[in-house]
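Listed below, chain by chain, are the residues.
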Amino acid sequence: MSIPNHILEQLNSQADLISIIGKHTTLKRAGSEYKGCCPFHGEKSPSFYVNPQKNIYHCFGCSVGGNAISFLRDYENLTFIEAVNELSKQTGIEVPKEEQQNVSYQRRTPKPIAPPPVHNVPSPTIEHSKVNQDGANQDGTNQDSYRNNYQNNRQASHQNNVDQSDQNHIDQSSYDDAQGYDNFPPLEAYESASYSMDSYPSEPYSSNHADDGGYLPVWLTDNDASMASIDQNADQDGNLYDLLEQIQQFYQHNLHTHPHAKQYFLSRGLTEETFETFGLGYAPFGWQHLEHQFPQDIEGLKALGLVRQSESGRDYDLLRDRVIFPIRDNQGRTIGFGGRALDDEVKPKYINSSDSPVFHKQHVLYGYYESRQQRANDWLVVEGYMDVIALYQAGIYGAVASMGTAINESQISRLLTLNPTLTLSFDGDSAGQKAAWRTLEVALPVLADDKELRFLTLPNNHDPDTFIKSHGSDAMREQISQAMPLSQYIFAYLSERYDMSLAEGKAKLMSQVRSLTTALPKGSSFRYLLNNDVYQKLGGRRSQNVEAKDALLDFDGDMTISQQLQLCFLFQPRALIDDPIESIWQQSGLTRLQLPAHIQKKAASDALRAIAWEDLQDAALLNVVTTIKRCIKYLPTDANAAAHFVLSNLDQSHQVTLSSSWGGFYRALTARNVLSLDDLIEELVSSLLERNIKKKMQELIKNPDHIKQAIVRMQAQHLSNWLRAQHAERSSQMVTVQS
């Protein structure tokens, strides 16, 4: 199966390489990169680096390197097609089953046609007291001035075909740093300007609208040298990326030759430097300005969706009389455009270019490339292009916006990889809060315990753009730092929608929280904690496990895990009838761990055996465990009496130490009416096991044994996943009982 190169580029670009490699080795941030021990060879000090911006990896020890596809092939032993399909599942990028469009297209020689007559195309008028040109009325009806200006401009710069009628209606003063924006009409003037809809007939090229309202095809105004160049390049393959870059430059040039469009951005507070950084532009009036500007590239323009066909078969430009926001991919290439109407009455206000072989809306975040260029660390999801740009201009990097659709799971996962805390900033109105809630639901499946989602709703119905203008960048940073944690946001959002004075309202809220938490990753501790937190806020009773933990803390908060476990075994000695370590090893599946074939061949026969109490190298704990196991058949049923029976059979040194703590611990538990320590014992034993495995790993780094090291690393990961699942199970059981 032949897969187009541009699909492979998109898969490698959008893949979450940090997460893919992070399953096999621990990666830590090192500046703009991540580093860790190379998974391909054993090493004591990290020499393996991953660059998330370029989405590549390299080891300076063994010189291995590549991208997401090569890692899946070389390390996980997937075939090329399997690796591609795996990345397709992760990113959502569809791999074509049949031959699809490529980024190339056939360029054509344009057919010469007679120059169209210059028509009077109505332009936006902004009412103010100045006369814009000598001899021109305020309403711009002096056609002699219009035609003279147009012809002069065409001769000076035929390539851009600037319609001078726009300039007959705009004050020609320029921006002055000392005077600010005082010489320009206020933003309200542009939002309330009268835009004649006569230039937008329901059908392109009606009888009253001949051939684009005065734009001349570039090849008719070119000299012989230009014509020779066109003939030479025609009938050759074009490249969509190259064409998009040329279109972006065309739009950007138009912004500076159409003052009314440039003034829109200036009145929004943007600077010339920001124009250049984001490549802002303007799509002029007319139904065919792109076809006239790029006559050989009609096929490419249609592939990009920038030129469309009406029901009558006429071609027309998608973006007309709109300021333009170029959309870039992770490498900084222009892949599409967003266009905003200058008049708020024009609907839709925003139009994005359609999906194409190089542009897929659901995989692109506006502002991502620019923020990565500034090495952004804190990431913020906002609603609009102008919010992204305003934050960037204020020096707050890391703001991104989706392409008119809700941000998706893979995009959130990527941002959480760059920083484990992600802030969502949506408007405070109903629509904004619904969007925030939808984003919350999308994010839950990728919200591991080490990730955090925060919510920012700015006061007085501000968005980031307007808030920065009113209060400044420092105030905006303060707002971001005080964003609401997910747990608080969920309760605040739901408590406004249910009557908390009624048991029915509380039940509905708890039911929705329970439904939400099921979407969290398998084994999530946050599921248990969130359910418990909300339940307590609703007036519920704390769980037995929490009460037991509090009893330990109140009794002696400085006790080690081993000392806490010894006291728990004294209180509940029958917990050792089924050995807790063996039970965890069996239930977690560590005895059935599937080792890679090359490791299994070289591994010892007992490589997967459970850790024994002796392996923990804790004499006091081992003395308590072995004594209880030896005496368990003879213990009295009363907990206090059984504890003293065990104490009397311990070694003298351990007996004195433990006896001094027993009385206070027993009273703390009975005061809270704690009857069972099963969950607490499992947590304490699990902590000791994790600590033991970590210690083994450190020893293997000092004395390398690549086979044992690989096995211990897999055991650690497997145990961690199982423990998260146990927390989730307890959460589910708790909520079921409480409901």
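Up top is the structure these notes are about.
Residues numbered from 1 in each chain as written. Predicted model: local features only at pLDDT ≥ 70, side-chain atom pairs only at ≥ 80, totals over all residues. Heavy atoms only, no water.

K.L.:
Run through the sheet that holds strand β2 (residues 33-36), naming residues and quoting values.
P.N.:
Strand order in the open sheet formed by 5 strands is β1-β2-β3-β4-β5, with antiparallel pairing between adjacent strands. A single partner strand is all that each edge strand has here, and the edge strands are β1 (28-30) and β5 (65-66). Bridge analysis of strand β4 (residues 56-59) against β5 gives 2 bridges, and the strand direction is antiparallel. Paired with H58 across the two strands is G65, which belongs to β5. (Pairing = 2+ DSSP bridges. Helix = DSSP H or I, 4+ residues; strand = E, 2+ residues; numbered from the N terminus.)

K.L.:
Summarise the packing of aromatic side chains; cite the residues concerned and give the values.
P.N.:
Enumeration over the complete set of coordinates arrives at 31 aromatic pairs. Linked through ring pairs, Y264, F265, F275, F278, F325, Y350, Y366, Y385, Y392 and Y397 together constitute an aromatic cluster. For R333, the ring lying beneath its charged end belongs to Y241, and the centroid distance is 4.1 Å. For the cation-ring pair, R497 lies above Y493, with the distance from its terminal atom to the ring centre recorded as 3.5 Å. (Phe/Tyr/Trp six-rings, centres within 6.5 Å; stacked < 30°, edge-to-face > 60°. Lys NZ or Arg CZ within 6 Å of the ring centre and 35° of its normal.)

K.L.:
Which residues make up the nonpolar core, and what are the values?
P.N.:
In terms of nonpolar packing, the biggest core is built from 61 residues, with I247, F265, L280 and Y366 touching the most fellow members. Per-element tally for this core: the top contributor is helix α9 (residues 240-257), with 8 residues. (Core = buried A, V, L, I, M, F, W, Y, C linked by side-chain atoms within 4.5 Å. Buried < 20%, exposed > 50% of the residue type's maximum accessible area, 1.4 Å probe, protein only.)

K.L.:
Can you lay out helix α22 (residues 525-537) for me, pointing to particular residues and giving the numbers?
P.N.:
Helix length check: α22, at 13 residues, gives a terminal C-alpha distance of 18 Å against a target of 18 Å (1.5 Å per residue), a fit within 8%. Those residues of α22 lying buried are S525, R527, Y528, L530, N531, N532, V534 and Y535. The backbone nitrogen of F526 lies 3.2 Å from a side-chain oxygen of the residue at the head of α22, namely S524. (Expected span 1.5 Å × (residues − 1). Polar contact = N/O pair within 3.5 Å; in protein donor to acceptor, adjacent residues only side chain to side chain.)

K.L.:
Run through the sheet that holds strand β11 (residues 322-328), naming residues and quoting values.
P.N.:
Within the open sheet, the 4 strands sit side by side as β8-β11-β12-β13. Their pairing is antiparallel. Both edges of this open sheet fall to β8 (281-283) and β13 (350-352), since each of them pairs with a single strand only. Taking each pair of neighbouring strands and ignoring which way they run, the sheet shows an average axis angle of 35°. Examined bridge by bridge, β8 and β11 share 3 bridges and lie antiparallel to one another. Bridging from a neighbouring strand, A283 pairs with R322 of β11. Across the sheet, α9 lies against β8, β11 and β12 (334-341), angled at about 30° from β12, the strand it touches most. (Axes fitted to C-alpha atoms, helices over the stretch in contact; angles between N-to-C directions. Contact = heavy atoms within 4.5 Å.)

K.L.:
Mind laying out the packing of helix α25 (residues 580-587) against helix α30 (residues 678-702), listing which residues take part and the relevant values?
P.N.:
In the contact formed by α25 and α30, the axes pass within 10 Å of each other and the chain directions differ by 80°. Between α25 and α30, the angle is such that the two are roughly perpendicular. In this structure, α25 contributes P580, I581, I584 and W585 to the contact, and α30 contributes E682, V685, S686 and L689. Looking at the contact of α25 with α30 residue by residue, the class counts come to 6 nonpolar, 1 polar and 1 charged. (Parallel < 35°, antiparallel > 145°, perpendicular 65-115°, else oblique. Nonpolar A, V, L, I, M, F, W, Y, C, P; charged D, E, K, R; others polar.)

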